[in-house]
Structure formats: structure tokens, C-alpha cells
Amino acid sequence: MIGNICFLHGSAKLVNGWDKVYYSLPVAAAHKSETITSNNEIKYSIATGFIDNTSVLEIKRLDGNLLNTEDIIQFSLTYRYQ
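Model, not experiment: these values are computed from the prediction.

A. Summary view of the environment of Leu57. As for its placement among the helices and strands, Leu57 is situated in strand E5 (residues 54–61). Expressed as a C-alpha distance, the spacing of Leu57 and Leu77, which sit 20 residues apart in the sequence, is 9.8 Å. Apart from the residues within four sequence positions on either side, Leu57 is in contact with Leu8, Val21, Tyr22, Tyr23, Leu25, Ile46, Ala47, Phe75 and Leu77.

Okay, structure coming up:
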């Protein structure tokens, strides 16, 4: 974290058959931030968001299909936090 910017670099496990997965963020996002990554030629959207007043990281496939793998994807995301 630098000032009010969080640099998040990590990896996340996908869940077979789900349309998206959520992971809680270490600090609450003030504004939505999004990046795109790919794994095995499948592109994924990784974005900050809120569920029940909890700041989360949302991962979903860009083609709209269900997650069909339990692979681990790596990503880097920069967002402004509260």
C-alpha cells in the first residue's frame, strides 16, 4: 500500500461449475478497479466490488461460461482503498 493505493498481486483458485468466485480483500476498495488475465487461453475479469458491505475480489470468465477448471490463476490489480 502506498498512500491510498493498494497493489495486489496474487493467485486465486477457481471453482469448477461456478459462474464466478469471490475473495475478500485485505483493505476495502473505494472505487471499482478491474483487470484482465488469461490462463490456458481463457480470459478472466478480475475486479473489486462489494457484497453485503464487504469489499471483495470477483473473478469470472469473460466469455460468460461457467468456470470449468480448478486451476489457479495469477493476477495483479491496483485499486484505491478507503
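B. Focus on the pattern of salt bridges. In the structure shown here, the tally under the stated rule is three salt bridges. Ionic pairing is found between Glu58 and Lys60, a salt bridge with its closest N-O pair at 3.9 Å. Owing to a relative accessible area of 15%, Glu58 belongs among the buried residues under this scheme. Arg61 is paired through a salt bridge with Asp63; the nearest N and O atoms lie 2.6 Å apart. Relative accessible area serves as the criterion here: at 9%, Arg61 is assigned to the buried category. For Asp63, a relative accessible area of 46% puts it in the partly exposed group. Bridged by salt links that share partners, the residues Lys20, Glu58 and Lys60 form one connected network.

Reading guide: rules and limits
- Residues numbered from 1 in each chain as written.
- Predicted model: local features only at pLDDT ≥ 70, side-chain atom pairs only at ≥ 80, totals over all residues.
- Heavy atoms only, no water.
- Helix = DSSP H or I, 4+ residues; strand = E, 2+ residues; numbered from the N terminus.
- Contact = heavy atoms within 4.5 Å.
- Salt bridge = Lys/Arg side-chain N within 4 Å of Asp/Glu carboxyl O.
- Buried < 20%, exposed > 50% of the residue type's maximum accessible area, 1.4 Å probe, protein only.

Interpretation in functional terms is not warranted from these geometric data alone.
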